[in-house]
Structures are given as C-alpha cells and as structure tokens.
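# Reading the structure
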Amino acid sequence: MDVNDFIYAGKGDFKLKDWATDVPKAYRDLSQADIKASIAKDIAELVQDQAMLYAQNEYSLLLIFQGMDAAGKDGMIRHVMTGINPQGTEVISFKQPSLDELDHDYLWRTRVAFPRAGNITVFNRSHYEEVLVDRVHPENLLKEHIPGIRTVEDVTQDLWNRRYKDFRQMENYATRNGIIVMKFFLHLSKGEQKKRFLDRINQPDKNWKFSAADIKERRYWDDYQHAYEDAIANTSTANAPWHIIPADNKWFARLLVSKMIDKRLDDLPLAFPTVTTEQKAGLQAALEELTDK
C-alpha cells in the first residue's frame, strides 16, 4: 500500500471531488479479517515506536483528526490507539469554546495543548474548527473579540487567509521544535453520512450517538465541503501535509491511518538512549549489591 497516494502536500490544485470517499479499486479485495490483522501488526509496531519516542524524549507526535459528523473520528482514535501506553498519550476533544477560551486569542486553547517531548497527543477536532464551523457560521466570530469584526458583514476572505497563514506558521514552528504534525481529513460521502445517521436512529444501542444538532449541520453540507476544500488547499505543506482518508469504509480508513502513522515514525531517528560508561558502572554496582543481599 502506497500511503503517498492519499497525501496532499500542497502542490497543484486541490478539489475534494478528485479524492475518493470509498475504498479504491486496488484495495477492494482486502477482507475485514485481513484488515484487522494488519491493523493489529501496525499497532504492535506503534507500541514499540512509542516506547522509543517516550524514552528518547526528543520528538513528539500530534495527530489531528477532522471530518464531518459521523465520519468516524471517535472509532478511529479508539481502534488505532489501542494498546498505546497512556502514560505518554493524551486525547483531547475540542468542543464549543468556553467563555474563558473566548477571552483568549483564538489559537490559545489548541496551542497550549500541543504535546510535550516524548508524548503523543491526539486532537479530536482542532484549531481547524476556526475556519470550518466559524466559516459556515460567521456569527460565531462576533463572540471572539476580534478587532474590526463587529458584524457578519465585516467577515471577509482576508480573515480566513490570515488564519490559514497563522496555522501554517504555528505548525512550522512546532515542526522545528520536534513536534511531528499529522493531519487527517476523514473524507465521508453525504450518502454514507445519511446511512450512519439512520443507524443511530434505528438501532437502540446507537441512539445515544444521535444528535439533532448533527441533522441541522447536515443542511450546510455544501458549505462545509467548500470550507474544508479551501482550508486543506491553503494549509497543506511539506512539513504538515493533509492525509485524505476515504472514510466510507471504517476499517479501511483505520488501516490506512495506522500505516501512515507507522511510516512517519519509522522515518524519525528514534532510538533508546545510549547508556554511558558511568551509567553502566552504576548498573554493575547496583547488580553486585542486589546479588550480595
């Protein structure tokens, strides 16, 4: 599997319609059993890489998951991160900003949540909501204390362009400081979203997942698609490209993401710290003392 086929690094025009939402033809022979077995191997490798990442305490990994409602973000995180040491991992879900968060600059709450050295942090939604939900509902911006933004009419393309620049700069800064930024867009079709919403209504054990607000937001499907398209086109860089994941098939999407994460970590010079001569002498002294007693 060539994961590069699913990465947009900012070169050439980007149009969502050009990217598949379902399993590409080349991979349709994969059975769910085969996919699950492959994911299990990927997770085992990720566990080993995380151990080195944590021990080395030099690099860190930020995984950002974005997608329409019902795209499978929660399930993706749950399955791909299974078995990872919780000591070095944090999952953060960004909801509607609080009054305290609105009193800070719009990137504050995500910026302070970036991972410390050696850790893996997962963002379930992220700062990209500021150019997605806010773009579809620009009235939200009136609560953000932005100079010059007093009415919806004050919101122009220039504001979004400034935010795209902010994102690129923040992510480049993070990369220079050893934070590997991986951004995943779970690309779901409108038909598959409808099917998943109906499942939430018709299956009692899934009723708890249903939200009337999701149905309301579905009315803005085309607006969200345009917002995602513009955001991805303007924030994909060589250091922090967007990974466009066909999300209509949850298991294939999980397989693709697990392989992408493993490949990115494999590209890093990860290693367990070298034990110095002095440390070896200390280990020997401790061994002798324990053996004597």
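Described below are features of the structure shown in this document.

Conventions and cut-offs
Residues numbered from 1 in each chain as written. Predicted model: local features only at pLDDT ≥ 70, side-chain atom pairs only at ≥ 80, totals over all residues. Heavy atoms only, no water. 1 Å grid on protein atoms, 1.4 Å probe; cavity = no way out; pocket = protein on both sides within 12 Å on 5 of 7 lines; lining within 4 Å. Points joined across faces, edges and corners; volume = space filled by probe spheres on them. Helix = DSSP H or I, 4+ residues; strand = E, 2+ residues; numbered from the N terminus. Nonpolar A, V, L, I, M, F, W, Y, C, P; charged D, E, K, R; others polar. Axes fitted to C-alpha atoms, helices over the stretch in contact; angles between N-to-C directions. Parallel < 35°, antiparallel > 145°, perpendicular 65-115°, else oblique. Left-handed = near helix turned anticlockwise from the far one by under 90°. Contact = heavy atoms within 4.5 Å.

### So, the layout of surface pockets
Within this model, the largest pocket holds a volume of roughly 1600 Å³. In terms of lining residues, the largest pocket is bounded by 50 residues, among which Asp-69, Lys-73, Lys-95, Arg-125 and Asp-214 are the most central. Contributing elements (two or more residues each) for the lining of the largest pocket: α2 (73-80), α5 (133-136), α7 (190-202), α8 (212-218), α9 (221-235) and α10 (250-266). Looking at side-chain class alone, the lining of the largest pocket contains 16 nonpolar, nine polar and 25 charged residues. The space that makes up the second largest pocket amounts to roughly 170 Å³. Around the second largest pocket sit Val-3, Asn-4, Ile-7, Val-181, Met-182, Asn-239, Pro-241, His-243, Met-260, Lys-263, Arg-264 and Asp-267, which together line it.

### As for the packing of helix α1 (residues 32-56) against α10
It is the contact of α1 with α10, at a shortest axis distance of 9 Å, that shows an interaxial angle of 30°. Classified by the angle their axes make, α1 and α10 are roughly parallel. The hand of the α1/α10 crossing is left-handed. Along the contact surface, α1 presents Gln-32, Ile-35, Lys-36, Ser-38, Ile-39, Asp-42, Glu-45, Leu-46 and Asp-49, while α10 presents Trp-251, Phe-252, Arg-254, Leu-255, Ser-258, Lys-259, Ile-261, Asp-262, Leu-265 and Asp-266.

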